[in-house]
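For reference, the chains in residue letters:
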Amino acid sequence: MKLCYRNKFLLKTIFVCLSLLLFMGGCRQMDLFEKNTTIPNQKWASNFSSTGTVFIKDTNARYNIFIVLRHTDAYQYNNIWLKVGLQSPGDSMQFQKINLPLGNDANGWDGVGMNDIWEVRKLLARIPLKAGAYNFSINQIMRDNPLPNILSIGMRFEKEVN
């Protein structure tokens, strides 16, 4: 009886150790920067910007750049127009108008939702970056001013892992 108990204990211990080794070996470190700005009173005025700075060190990697937007279910449009600026080291801020789809009538909202709050993460670019500080700025350029039912807006820089 004791021998059987010891064998079971030994098998469980080996199983747990192997599982931990496989889990730890499967994890990769991912360089990540994300900054989100809360929109005051959930009403995004056109002159209110989400801004931030990210410092890039690894120039051998490619980076995925995302827009991250949180809105309520009461948001009345299927998209949002944004003016996104990105300033690379040594350059001036370059602006681009972006039509960001948030969903459609047939399938509902894109992204992840919980109750009446939705978060959408949309890929803007997948590019190599040079070392240094990158500044970004995001404004809404919709007709409604202020634009209601927007909770937060931000940018995410994610180093690609091979």
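Predicted model, so just to flag it, every value in this text is computed and none were measured. (Residues numbered from 1 in each chain as written. Predicted model: local features only at pLDDT ≥ 70, side-chain atom pairs only at ≥ 80, totals over all residues. Heavy atoms only, no water.)

### Let's talk about the side chain of S152
On the secondary structure map, S152 appears in strand β13 (residues 150-159). S152 gets classed as buried once you look at its relative accessible area, which sits at 7%. With residues near it in sequence (within four places) discarded, S152 still touches T37, T38, I39, V68, L69 and R70. (Helix = DSSP H or I, 4+ residues; strand = E, 2+ residues; numbered from the N terminus. Buried < 20%, exposed > 50% of the residue type's maximum accessible area, 1.4 Å probe, protein only. Contact = heavy atoms within 4.5 Å.)

### Considerations on the pairing of strand β4 (residues 62-72)
With respect to burial, β4 is a largely interior element, 9 of its 11 residues being buried. Of the pairings in the sheet, the one linking β4 to strand β10 (residues 117-128) comprises 11 bridges and is antiparallel in character. Bridging across to β10, F66 finds its partner in L123. By the bridge criterion, 9 bridges tie β4 to β13 in an arrangement that is antiparallel. By the bridge assignment for β13, Y63 is matched with K159. (Pairing = 2+ DSSP bridges.)

### Brief notes about the packing of aromatic side chains
How two aromatic rings sit relative to each other is set out by the distance from centre to centre and by the angle between their planes. Under the defined criterion, the tally for this structure stands at 4 aromatic pairs. Here the aromatic rings of Y75 and W109 are separated by 6.3 Å at their centres, their planes lie at 50°, and the arrangement is tilted. With Y75 in the loop between β4 and β5 (79-87) and W109 in strand β8 (residues 108-109), the pair connects residues that are 34 residues apart, well separated along the chain. With respect to class, Y75 is no different from W109; both count as buried. A centroid spacing of 6.3 Å and a plane angle of 40° characterise the contact between F136 and F157, whose relative ring orientation is tilted. Of this pair, F136 sits in strand β11 (residues 132-140) while F157 sits in strand β13, and the two are 21 residues apart along the sequence. Neither residue differs from the other here; F136 and F157 are each classed as buried. Grouping aromatic residues by their ring pairs yields a cluster made of F33, F136 and F157. Residue placement shows K83 over the ring face of F95; its charged tip is 4.8 Å from the ring centre. (Phe/Tyr/Trp six-rings, centres within 6.5 Å; stacked < 30°, edge-to-face > 60°. Lys NZ or Arg CZ within 6 Å of the ring centre and 35° of its normal.)

### Re unusual backbone geometry
At the junction of N145 and P146, the peptide bond is cis and its omega measures out at 5° in the coordinates. Look at N115: it is not a glycine, yet its phi comes out positive at around 60°. As for its placement among the helices and strands, N115 is situated in the loop between β9 (112-114) and β10.

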